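Here are the chains, one letter per residue:
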Amino acid sequence: MSGDFQPAANPSIVQTQAARVEGRAHVLVIGNEKGGSGKSTTAMHIAVALMGEGNRVATLDLDARQGTLGRYLENRAAYAARRGLDLPTPFHAAVPLSTLPDRASAEADEIARFEAALEPALAAADFVIVDTPGSDTHLSRTAHVWADTLLTPLNDSFIDLDLLARIDPDTLRIVRPSIYAEAVWRQRQLRAIQGGRPVDWVVMRNRLSSLAARNKRDMGTVIEALAKRIGFRVAAGLSERVIYKELFLSGLTLLDLKRGGGGPSPTLSHVAARQEVRDLVAALNLPRPDAAAPEVAPATAPATPVPPPAG
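Things to note about the environment of Arg113
Part 1: Tracing the backbone shows Arg113 in helix H4 (residues 103-124).
Part 2: The spatial distance from the C-alpha of Arg113 to the C-alpha of Leu139 is 9.1 Å, given a sequence separation of 26 residues.
Part 3: Contacts of Arg113, omitting those with residues within four sequence positions, involve Val95, Pro96, Leu97, Ser98 and Thr99.

Here it is as C-alpha coordinates:
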(Lines give C-alpha, C1' and ligand atoms only; values in the text may rest on other atoms or scores of the structure.)
Protein backbone atom coordinates (compact mmCIF):
# COMPACT_ATOMS: atom_id res chain seq x y z
CA MET A 1 0.00 0.00 0.00
CA SER A 2 1.41 3.40 -0.97
CA GLY A 3 2.75 5.34 1.98
CA ASP A 4 2.68 2.32 4.31
CA PHE A 5 6.08 2.52 5.99
CA GLN A 6 7.27 -0.87 7.15
CA PRO A 7 10.47 -1.60 9.08
CA ALA A 8 13.53 -2.23 6.96
CA ALA A 9 13.78 -5.81 5.73
CA ASN A 10 17.07 -6.24 7.58
CA PRO A 11 16.37 -5.66 11.31
CA SER A 12 20.05 -5.08 12.04
CA ILE A 13 19.82 -1.58 10.61
CA VAL A 14 17.24 -0.69 13.28
CA GLN A 15 19.16 -2.35 16.10
CA THR A 16 22.39 -0.62 15.09
CA GLN A 17 20.62 2.71 14.84
CA ALA A 18 19.12 2.40 18.32
CA ALA A 19 22.45 1.48 19.84
CA ARG A 20 24.38 4.29 18.22
CA VAL A 21 22.23 7.31 19.03
CA GLU A 22 24.88 8.66 21.38
CA GLY A 23 28.23 9.62 19.92
CA ARG A 24 27.20 9.89 16.30
CA ALA A 25 25.75 12.49 14.00
CA HIS A 26 22.17 13.64 14.50
CA VAL A 27 20.03 12.53 11.56
CA LEU A 28 17.49 15.00 10.22
CA VAL A 29 15.17 13.45 7.64
CA ILE A 30 13.08 15.80 5.53
CA GLY A 31 10.08 13.73 4.54
CA ASN A 32 6.91 14.41 2.62
CA GLU A 33 5.34 12.15 0.01
CA LYS A 34 4.01 15.10 -1.99
CA GLY A 35 6.24 16.85 -4.50
CA GLY A 36 6.71 20.59 -4.60
CA SER A 37 6.74 21.13 -0.84
CA GLY A 38 10.20 22.74 -0.77
CA LYS A 39 12.18 19.84 0.72
CA SER A 40 15.41 20.48 -1.18
CA THR A 41 15.33 24.25 -0.60
CA THR A 42 14.70 23.62 3.08
CA ALA A 43 17.50 21.04 3.27
CA MET A 44 19.99 23.40 1.65
CA HIS A 45 19.16 26.36 3.87
CA ILE A 46 19.30 24.28 7.06
CA ALA A 47 22.64 22.80 5.98
CA VAL A 48 24.20 26.21 5.35
CA ALA A 49 22.75 27.58 8.59
CA LEU A 50 24.27 24.72 10.59
CA MET A 51 27.64 25.07 8.85
CA GLY A 52 27.56 28.77 9.61
CA GLU A 53 27.47 27.82 13.30
CA GLY A 54 30.64 25.75 12.88
CA ASN A 55 28.99 22.35 12.50
CA ARG A 56 30.10 19.62 10.13
CA VAL A 57 27.19 18.70 7.86
CA ALA A 58 26.58 15.88 5.41
CA THR A 59 23.63 15.64 3.03
CA LEU A 60 22.11 12.59 1.36
CA ASP A 61 19.81 12.84 -1.65
CA LEU A 62 17.48 9.85 -1.96
CA ASP A 63 15.79 11.28 -5.05
CA ALA A 64 18.83 10.66 -7.23
CA ARG A 65 16.78 10.49 -10.43
CA GLN A 66 15.48 14.05 -10.03
CA GLY A 67 18.51 15.09 -7.99
CA THR A 68 17.37 18.60 -7.03
CA LEU A 69 19.59 18.83 -3.96
CA GLY A 70 22.54 17.44 -5.88
CA ARG A 71 22.06 20.00 -8.66
CA TYR A 72 21.74 22.75 -6.05
CA LEU A 73 25.18 21.77 -4.71
CA GLU A 74 26.66 21.47 -8.20
CA ASN A 75 25.43 25.00 -8.95
CA ARG A 76 27.01 26.15 -5.68
CA ALA A 77 30.40 24.65 -6.53
CA ALA A 78 30.34 26.13 -10.04
CA TYR A 79 29.37 29.58 -8.75
CA ALA A 80 32.10 29.51 -6.10
CA ALA A 81 34.68 28.52 -8.71
CA ARG A 82 33.63 31.31 -11.09
CA ARG A 83 33.72 33.95 -8.37
CA GLY A 84 36.73 32.65 -6.46
CA LEU A 85 34.66 32.22 -3.30
CA ASP A 86 35.06 29.78 -0.44
CA LEU A 87 31.46 28.83 0.26
CA PRO A 88 30.73 26.29 3.01
CA THR A 89 29.52 23.10 1.37
CA PRO A 90 28.35 19.87 3.00
CA PHE A 91 29.70 16.43 2.23
CA HIS A 92 27.14 15.05 -0.21
CA ALA A 93 26.13 11.66 -1.57
CA ALA A 94 23.28 10.54 -3.80
CA VAL A 95 21.65 7.17 -3.14
CA PRO A 96 19.99 5.80 -6.28
CA LEU A 97 17.15 3.31 -6.38
CA SER A 98 18.07 -0.29 -7.06
CA THR A 99 17.66 -1.58 -10.59
CA LEU A 100 17.38 -5.25 -9.58
CA PRO A 101 14.18 -6.82 -10.95
CA ASP A 102 13.34 -8.93 -7.88
CA ARG A 103 11.60 -6.88 -5.17
CA ALA A 104 13.26 -8.56 -2.19
CA SER A 105 16.70 -8.29 -3.77
CA ALA A 106 16.09 -4.68 -4.75
CA GLU A 107 15.03 -3.72 -1.22
CA ALA A 108 18.09 -5.43 0.27
CA ASP A 109 20.25 -3.67 -2.30
CA GLU A 110 18.75 -0.29 -1.37
CA ILE A 111 19.37 -0.88 2.33
CA ALA A 112 23.00 -1.68 1.51
CA ARG A 113 23.30 1.45 -0.66
CA PHE A 114 21.79 3.63 2.04
CA GLU A 115 24.02 2.20 4.77
CA ALA A 116 27.10 2.62 2.55
CA ALA A 117 26.32 6.33 2.16
CA LEU A 118 25.13 6.91 5.72
CA GLU A 119 27.90 5.21 7.70
CA PRO A 120 30.75 7.56 6.67
CA ALA A 121 28.44 10.55 7.09
CA LEU A 122 27.53 9.50 10.64
CA ALA A 123 31.21 9.27 11.54
CA ALA A 124 32.40 12.46 9.83
CA ALA A 125 29.58 14.93 10.47
CA ASP A 126 27.70 16.49 13.35
CA PHE A 127 24.45 16.50 11.38
CA VAL A 128 23.26 14.37 8.48
CA ILE A 129 20.39 15.86 6.47
CA VAL A 130 18.47 13.37 4.33
CA ASP A 131 16.36 14.73 1.46
CA THR A 132 13.68 12.22 0.46
CA PRO A 133 11.62 12.00 -2.74
CA GLY A 134 8.06 13.26 -3.05
CA SER A 135 6.72 9.71 -3.31
CA ASP A 136 6.64 6.47 -1.37
CA THR A 137 9.76 4.38 -1.94
CA HIS A 138 11.46 1.64 0.06
CA LEU A 139 14.57 3.82 0.18
CA SER A 140 12.58 6.64 1.77
CA ARG A 141 11.02 4.24 4.27
CA THR A 142 14.48 3.03 5.25
CA ALA A 143 15.62 6.61 5.87
CA HIS A 144 12.62 7.33 8.08
CA VAL A 145 13.69 4.54 10.41
CA TRP A 146 16.93 6.42 11.04
CA ALA A 147 15.41 9.84 11.74
CA ASP A 148 16.27 11.49 15.05
CA THR A 149 14.32 14.51 13.83
CA LEU A 150 11.68 14.21 11.12
CA LEU A 151 10.83 17.47 9.38
CA THR A 152 7.75 17.50 7.15
CA PRO A 153 7.36 20.62 4.98
CA LEU A 154 3.71 21.26 4.30
CA ASN A 155 2.39 23.84 1.87
CA ASP A 156 -0.33 25.86 3.54
CA SER A 157 -3.30 24.32 1.77
CA PHE A 158 -5.85 21.64 2.48
CA ILE A 159 -4.65 19.79 -0.61
CA ASP A 160 -1.29 19.24 1.06
CA LEU A 161 -2.78 18.72 4.52
CA ASP A 162 -4.38 15.61 3.06
CA LEU A 163 -0.91 14.07 3.45
CA LEU A 164 -1.46 14.02 7.23
CA ALA A 165 -5.20 13.56 7.73
CA ARG A 166 -8.62 13.30 6.14
CA ILE A 167 -10.69 16.36 7.01
CA ASP A 168 -14.47 16.74 6.98
CA PRO A 169 -15.11 19.59 4.51
CA ASP A 170 -18.15 20.92 6.37
CA THR A 171 -16.98 20.83 9.98
CA LEU A 172 -13.18 20.72 9.50
CA ARG A 173 -13.22 17.81 11.92
CA ILE A 174 -10.32 15.37 11.66
CA VAL A 175 -11.87 12.18 10.30
CA ARG A 176 -8.75 10.05 10.56
CA PRO A 177 -4.99 10.31 10.20
CA SER A 178 -3.57 9.55 6.77
CA ILE A 179 -1.46 6.57 5.78
CA TYR A 180 1.69 8.69 6.08
CA ALA A 181 0.82 9.85 9.61
CA GLU A 182 0.10 6.29 10.69
CA ALA A 183 3.37 5.17 9.10
CA VAL A 184 5.34 7.77 11.04
CA TRP A 185 3.65 6.58 14.24
CA ARG A 186 4.82 3.02 13.49
CA GLN A 187 8.36 4.23 12.90
CA ARG A 188 8.35 6.10 16.22
CA GLN A 189 6.94 3.05 17.97
CA LEU A 190 9.73 0.94 16.50
CA ARG A 191 12.31 3.39 17.84
CA ALA A 192 10.75 3.16 21.32
CA ILE A 193 10.78 -0.64 21.22
CA GLN A 194 14.44 -0.65 20.20
CA GLY A 195 15.32 1.73 23.04
CA GLY A 196 16.23 4.62 20.78
CA ARG A 197 15.69 8.29 21.50
CA PRO A 198 12.11 9.34 20.65
CA VAL A 199 11.75 10.76 17.17
CA ASP A 200 10.98 14.48 17.23
CA TRP A 201 8.46 15.07 14.44
CA VAL A 202 8.15 18.68 13.28
CA VAL A 203 5.63 19.84 10.67
CA MET A 204 6.54 23.17 9.11
CA ARG A 205 3.95 25.34 7.40
CA ASN A 206 5.64 26.41 4.17
CA ARG A 207 4.60 29.13 1.76
CA LEU A 208 2.46 30.95 4.27
CA SER A 209 0.56 33.90 2.87
CA SER A 210 1.04 37.27 4.53
CA LEU A 211 -2.70 37.86 4.25
CA ALA A 212 -5.03 36.89 7.08
CA ALA A 213 -7.13 34.74 4.74
CA ARG A 214 -9.80 32.32 5.95
CA ASN A 215 -7.84 29.36 4.54
CA LYS A 216 -4.80 30.37 6.60
CA ARG A 217 -6.85 30.60 9.80
CA ASP A 218 -8.65 27.31 9.17
CA MET A 219 -5.37 25.56 8.37
CA GLY A 220 -3.89 26.82 11.61
CA THR A 221 -6.84 25.53 13.64
CA VAL A 222 -6.80 22.09 12.03
CA ILE A 223 -3.02 21.65 12.21
CA GLU A 224 -2.92 22.55 15.89
CA ALA A 225 -5.66 20.02 16.62
CA LEU A 226 -3.90 17.40 14.53
CA ALA A 227 -0.58 18.06 16.29
CA LYS A 228 -2.14 17.18 19.64
CA ARG A 229 -3.84 14.13 18.23
CA ILE A 230 -0.95 12.40 16.46
CA GLY A 231 2.01 13.98 18.21
CA PHE A 232 4.07 16.47 16.24
CA ARG A 233 5.30 19.99 16.80
CA VAL A 234 4.41 22.85 14.48
CA ALA A 235 6.99 25.30 13.14
CA ALA A 236 6.69 28.25 10.81
CA GLY A 237 8.43 27.50 7.53
CA LEU A 238 9.50 29.52 4.52
CA SER A 239 7.22 32.06 2.89
CA GLU A 240 6.50 32.10 -0.84
CA ARG A 241 9.35 34.23 -2.21
CA VAL A 242 10.81 34.44 -5.71
CA ILE A 243 14.31 34.76 -4.24
CA TYR A 244 14.39 31.05 -3.35
CA LYS A 245 13.97 30.07 -7.00
CA GLU A 246 16.51 32.65 -8.15
CA LEU A 247 19.19 31.50 -5.71
CA PHE A 248 18.98 27.91 -6.91
CA LEU A 249 20.76 28.73 -10.19
CA SER A 250 23.82 30.00 -8.30
CA GLY A 251 23.57 27.42 -5.53
CA LEU A 252 23.30 30.14 -2.91
CA THR A 253 21.09 30.50 0.13
CA LEU A 254 19.80 33.62 1.81
CA LEU A 255 22.44 33.16 4.50
CA ASP A 256 25.23 33.40 1.90
CA LEU A 257 24.09 36.88 0.90
CA LYS A 258 24.94 38.21 4.34
CA ARG A 259 28.36 36.55 4.32
CA GLY A 260 29.37 38.14 1.05
CA GLY A 261 28.69 35.07 -1.04
CA GLY A 262 27.60 37.15 -4.00
CA GLY A 263 24.21 37.04 -5.63
CA PRO A 264 21.64 39.85 -5.51
CA SER A 265 22.06 42.69 -3.06
CA PRO A 266 20.10 41.96 0.14
CA THR A 267 16.78 43.76 0.52
CA LEU A 268 14.46 44.15 3.49
CA SER A 269 12.49 41.19 2.14
CA HIS A 270 15.67 39.10 2.10
CA VAL A 271 16.43 40.10 5.68
CA ALA A 272 12.97 38.93 6.74
CA ALA A 273 13.44 35.68 4.81
CA ARG A 274 16.81 35.05 6.50
CA GLN A 275 15.11 35.43 9.85
CA GLU A 276 12.58 32.80 8.79
CA VAL A 277 15.44 30.38 8.18
CA ARG A 278 17.03 31.15 11.56
CA ASP A 279 13.68 30.76 13.32
CA LEU A 280 13.14 27.39 11.63
CA VAL A 281 16.56 26.08 12.69
CA ALA A 282 15.94 27.30 16.24
CA ALA A 283 12.51 25.64 16.30
CA LEU A 284 14.05 22.28 15.43
CA ASN A 285 15.82 22.19 18.83
CA LEU A 286 18.72 20.28 17.32
CA PRO A 287 21.34 19.11 19.84
CA ARG A 288 24.75 20.71 20.09
CA PRO A 289 27.48 18.37 18.80
CA ASP A 290 29.08 18.26 22.25
CA ALA A 291 25.79 17.48 24.02
CA ALA A 292 24.59 13.98 24.84
CA ALA A 293 20.94 14.82 24.21
CA PRO A 294 18.82 17.69 22.85
CA GLU A 295 18.59 20.78 25.04
CA VAL A 296 14.81 20.68 24.79
CA ALA A 297 12.91 17.40 24.75
CA PRO A 298 10.41 16.93 21.94
CA ALA A 299 7.23 18.67 22.99
CA THR A 300 4.73 16.10 21.81
CA ALA A 301 6.68 12.97 20.91
CA PRO A 302 5.47 10.34 23.40
CA ALA A 303 8.10 8.10 25.02
CA THR A 304 5.82 5.14 24.30
CA PRO A 305 3.71 6.09 21.27
CA VAL A 306 0.06 5.23 21.18
CA PRO A 307 -1.70 4.60 17.88
CA PRO A 308 -3.60 7.56 16.42
CA PRO A 309 -7.36 7.16 16.82
CA ALA A 310 -9.09 5.86 13.72
CA GLY A 311 -11.96 8.29 13.86
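From this point, the discussion proceeds with the structure in view.
With respect to helix H3 (residues 68-83)
Part 1: Taking 1.5 Å per residue as the helical rise, H3 with its 16 residues ought to reach 22 Å, and the 22 Å between its terminal C-alpha atoms agrees with that figure.
Part 2: What H3 keeps buried is the set Thr68, Leu69, Gly70, Tyr72, Leu73, Arg76, Tyr79 and Ala80.
Part 3: Count one or two residues on from H3 and you reach Gly84, which has phi positive near 65 degrees.

Remarks on the pairing of strand E7 (residues 174-177)
Part 1: Bridge count between strand E6 (residues 165-167) and E7: three bridges; the pairing is antiparallel. Bridge pairing in E7 links Ile167 to Ile174.
Part 2: Joining the antiparallel neighbours E6 and E7 is a turn of six residues, in which Leu172 adopts a positive phi near 60 degrees.

A short note on the side chain of Asp131
Part 1: Within the fold, Asp131 resides in strand E4 (residues 127-131).
Part 2: Buried charge Asp131 goes without a salt bridge, the closest partner of opposite sign being Lys39 at 5.5 Å.
Part 3: Beyond its immediate stretch of four places on either side in the chain, Asp131 contacts Ile30, Lys39, Ser40, Leu60, Asp61, Leu62, Asp63 and Leu69.

Quick look at the sheet that holds strand E2 (residues 57-61)
Part 1: Across the sheet, seven strands lie side by side as E3-E2-E4-E1-E5-E8-E9; this open sheet has parallel pairing. This sheet does not close on itself; its edge strands, each paired only once, are strand E3 (91-94) and strand E9 (233-236). Strand after strand, the sheet turns through a mean of 20 degrees between neighbouring axes, direction not considered.
Part 2: The pairing of strand E5 (residues 149-155) with strand E8 (residues 200-206) spans seven bridges and is classified as parallel.

A closer look at the packing of aromatic side chains
Part 1: All chains considered together, the criterion is met by three aromatic pairs.
Part 2: With a centroid separation of 6.4 Å and 70 degrees between ring planes, the pair formed by Tyr180 and Trp201 is classed as edge-to-face. A residue pair is termed long-range when its members are at least 10 positions apart, and Tyr180 in helix H7 (residues 179-193) and Trp201 in strand E8 qualify at 21 residues. Here the two residues Tyr180 and Trp201 agree in accessibility, since each one is buried.
Part 3: Ring pairing ties together the aromatic residues Tyr180, Trp201 and Phe232, which thus form one cluster.

A short note on the pattern of salt bridges
Part 1: Within this structure, the stated rule accounts for eight salt bridges.
Part 2: For Asp109, the salt bridge identified is with Arg113, shortest N-O distance 3.0 Å. Of this pair, Asp109 and Arg113 both sit in helix H4, four residues apart, which is roughly one turn of the helix.
Part 3: Here Arg113 falls in the partly exposed class, since its relative accessible area comes to 28%.
Part 4: Note that Arg233 is salt-bridged to Asp200, the shortest N-O span being 2.6 Å. One end of the pair, Arg233, is in strand E9; the other, Asp200, is in strand E8, and 33 residues separate them in sequence.
Part 5: Residue Arg233 is classed as buried on the basis of its relative accessible area, which comes to 11%.

Reading the values: the criteria
- Residues numbered from 1 in each chain as written.
- Predicted model: local features only at pLDDT ≥ 70, side-chain atom pairs only at ≥ 80, totals over all residues.
- Heavy atoms only, no water.
- Helix = DSSP H or I, 4+ residues; strand = E, 2+ residues; numbered from the N terminus.
- Contact = heavy atoms within 4.5 Å.
- Expected span 1.5 Å × (residues − 1).
- Buried < 20%, exposed > 50% of the residue type's maximum accessible area, 1.4 Å probe, protein only.
- Pairing = 2+ DSSP bridges.
- Lys, Arg positive; Asp, Glu negative; His and termini not counted.
- Salt bridge = Lys/Arg side-chain N within 4 Å of Asp/Glu carboxyl O.
- Axes fitted to C-alpha atoms, helices over the stretch in contact; angles between N-to-C directions.
- Phe/Tyr/Trp six-rings, centres within 6.5 Å; stacked < 30°, edge-to-face > 60°.

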